[in-house]
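# Working through the structure, step by step
Each chain is listed here by its residues.
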Amino acid sequence: MSAAKTRAPGAGSGAGTTARTAIQVEGLVKSYGEHMAVRDLSFSVAEGEIFALLGPNGAGKTTTVEILEGYRAADKGNIAVLGLHPRTDARQLKPQIGVMLQLDGVYPTLRAYEVLRLFSEFFVNPIAPDELIERVGLRDAARTRCRQLSGGQKRRLALALALVGRPKLLFLDEPTTGMDPQARRATWDIIQEQKAQGTTVLLTTHFMDEAERLADRIAIIDNGALIALDTPAGLTRGQSTTTTEVYFSATPGLDVVALGKLPSSRGAREETSGKYAIETGDARALLAELTPWLRDRGADLTELRVGRSSLEDVFLRLTGKEMRE
Ligand code: ATP
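On a predicted model such as this, the values are computed, not experimentally measured, just so you know.

So, how was this worked out
- Residues numbered from 1 in each chain as written.
- Predicted model: local features only at pLDDT ≥ 70, side-chain atom pairs only at ≥ 80, totals over all residues.
- Heavy atoms only, no water.
- Domains from an automatic or database assignment.
- Phe/Tyr/Trp six-rings, centres within 6.5 Å; stacked < 30°, edge-to-face > 60°.
- Helix = DSSP H or I, 4+ residues; strand = E, 2+ residues; numbered from the N terminus.
- Buried < 20%, exposed > 50% of the residue type's maximum accessible area, 1.4 Å probe, protein only.
- Lys NZ or Arg CZ within 6 Å of the ring centre and 35° of its normal.
- Pairing = 2+ DSSP bridges.
- Axes fitted to C-alpha atoms, helices over the stretch in contact; angles between N-to-C directions.
- Contact = heavy atoms within 4.5 Å.
- Expected span 1.5 Å × (residues − 1).
- Near = heavy atom within 4 Å.
- Polar contact = N/O pair within 3.5 Å; in protein donor to acceptor, adjacent residues only side chain to side chain.
- Nonpolar A, V, L, I, M, F, W, Y, C, P; charged D, E, K, R; others polar.
- Parallel < 35°, antiparallel > 145°, perpendicular 65-115°, else oblique.
- Core = buried A, V, L, I, M, F, W, Y, C linked by side-chain atoms within 4.5 Å.

When the parts of a complex come together, some accessible area is lost, and that lost area is often taken as the interface size. Domain boundaries assigned for the protein yield domain 1 (47-71 + 85-236) and domain 2 (241-307). Relative to domain 2, the C-alpha centre of domain 1 lies at a distance of 41 Å.

Moving on, we come to the packing of aromatic side chains. The description of an aromatic ring pair uses the distance of the two centres, along with the angle that the planes make with each other. Within the structure shown, the criterion is met by four aromatic pairs. Each ring, one from tyrosine 107 and one from phenylalanine 119, has its centre 6.2 Å from the other, and the planes form 85 degrees; the classification is edge-to-face. On the criterion of sequence distance, the pair formed by tyrosine 107 in the loop between strand S5 (97-99) and helix H3 (112-120) and phenylalanine 119 in helix H3 is long-range, its members being twelve residues apart. In this structure tyrosine 107 comes out as partly exposed when scored by relative accessible area, which is 31%. Ring plane angle 55 degrees and centroid distance 5.6 Å describe the contact between phenylalanine 119 and phenylalanine 122, whose orientation is recorded as tilted. One aromatic cluster in this structure is built from Tyr107, Phe119 and Phe122. The positively charged end of arginine 184 is found above the aromatic ring belonging to phenylalanine 207, 4.5 Å away from the centroid.

This part covers the sheet that holds strand S8 (residues 217-222). Ordered in space as S5-S6-S7-S3-S8-S9, the six strands form an open sheet in which the pairing is mixed. Taken across any chain shown, the strands that pair with only one partner, and hence form the sheet edges, are S5 and strand S9 (225-230). On average, each strand axis in the sheet is inclined to that of its neighbour by 15 degrees, with strand direction left out of account. Bridge analysis of strand S6 (residues 169-173) against strand S7 (residues 200-205) gives five bridges, and the strand direction is parallel. Of the residues in S7, the one forming a bridge with leucine 172 is leucine 203. The sheet contacts of helix H5 (residues 151-163) involve S5 and S6, and relative to S6 the element is tilted by about 165 degrees.

So, on to H5. Between its first and last C-alpha atoms H5 spans 19 Å; for 13 residues at 1.5 Å apiece the expected length is 18 Å, and the two agree. Most of H5 is tucked away, with eleven of its 13 residues classed as buried.

Moving on, we get to the site of the ligand. Close to the ligand lie 13 residues; Gly58, Gly60, Lys61, Thr62 and Thr63 are nearest. Threonine 62 places a polar side-chain atom, nitrogen or oxygen, 2.6 Å from an oxygen atom of the ligand. Counting residues per element, the ones that place at least two in the shell around the ligand are strand S2 (35-46) and helix H1 (61-69). If one sorts the elements of the shell around the ligand by residue count, H1 sits on top with three residues. Its residues assigned to classes, the shell around the ligand comprises four nonpolar, six polar and three charged.

Okay, the packing of H5 against helix H6 (residues 181-196) next. In the contact formed by H5 and H6, the axes pass within 12 Å of each other and the chain directions differ by 10 degrees. As summarised for this structure, H5 and H6 are arranged roughly parallel, according to the angle between their axes. For the pair H5 and H6, contact is made by Arg156, Leu159 and Leu163 and by Ala183, Thr187, Ile190 and Gln194, respectively. A breakdown of the residues in the contact of H5 with H6 according to their chemical character gives four nonpolar, two polar and one charged.

On the secondary structure map, glutamate 271 appears in strand S11 (residues 265-272). A relative accessible area of 12% places glutamate 271 in the buried class. Within the structure, the side chain of glutamate 271 is placed 2.9 Å from the side chain of arginine 269, a separation counted as a polar contact.

Our focus in this paragraph is the nonpolar core. If you look at the biggest cluster of nonpolar residues, it comprises 44 residues, and the most contacted ones within it are Leu157, Leu172, Ile218 and Ile220. At seven residues, H5 tops the list of elements feeding residues into this core. Counting 26 residues, the second-largest nonpolar core is a separate cluster that includes Phe43, Leu68, Leu82 and Val99.

By secondary structure assignment, the location of arginine 166 is in the loop between H5 and S6. Distance in space between the C-alpha atoms of arginine 166 and asparagine 125 is 7.5 Å, their sequence separation being 41 residues. With near-sequence residues (within four places) excluded, arginine 166 lies in contact with Asn125, Pro126 and Ile127.

Unusually for a residue other than glycine, aspartate 40 sits at a positive phi of about 50 degrees. Structurally, the position occupied by aspartate 40 is in strand S2. Although it is not a glycine, asparagine 223 sits at a positive phi angle of roughly 50 degrees. Inspection of the secondary structure puts asparagine 223 in the loop between S8 and S9.

Right, dumping it as structure tokens:
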């Protein structure tokens, strides 16, 4: 069954790449009525890679993932998942992929352990339910009925269900949403463990730290379109190493042209209302110029930071939006 991976019919070739391709997406388009949720999206994921789709609410992440899982049909574009088409080859593909389902309303009266045992019966060589319950930290909730699980416990059960069939490819749609910090870290460990075992992971998230920490490569999507694709370091490197950024929050509507003309400034911008960034080659000199400039204009200064761009800054610069909401 695993022989299917060598070729990606109808998916274009991953020409020039040595690693085999687990997911190939070319020119994917999906609309809901008038609304185009995914616009001409192309990317590929190599086998064994953790690949993150990062974007704000409504960016089109879930739509993309559900098309790749075979739950939604694309309007246009070529896709191949483990060399197969998610809809026409579903019978061959399903046993090889793990999907993290939304468990709300599913099996409300079954206990967590019972749902996991039920799912394990669909696979030839499942991971033992006891072992998995332990691994995802649900031992104390194993006998709790699904409807009584907390949001975070439901996500952990969903993760266990995704893992039970020992998939080659894992789809994790916002895996840690609703989890407390400890459970998030534990989930990150499990995801990294999966990678160490050779599993490919396609992850969606709107948590920057999650993408930065886990992903080999990150595709930033906004309004259904790809706006950047690189390694976490590549995304934040962006600009020249001799440039430092000074970020500050102050009264909205300050004169960024004038800020850009401060002697040590190489350019200034207001990224969102009241959030500014100034590029400089000498942060200390710039701060000495900036503070009196703000004082003279009676501007409130509520936040000040000097540093290289974080992923959050990259996102803000590319989209003009903050990641959350
Ligand atoms: P979130 O982080 O909120 O889950 P997302 O990036 O996963 O967002 P999608 O759920 O793919 O985004 O939604 C993309 C856009 O398509 C949104 O504007 C959403 O309202 C719309 N949309 C999604 N599913 C449907 C549907 N079944 N019918 C109509 N519109 C939809």
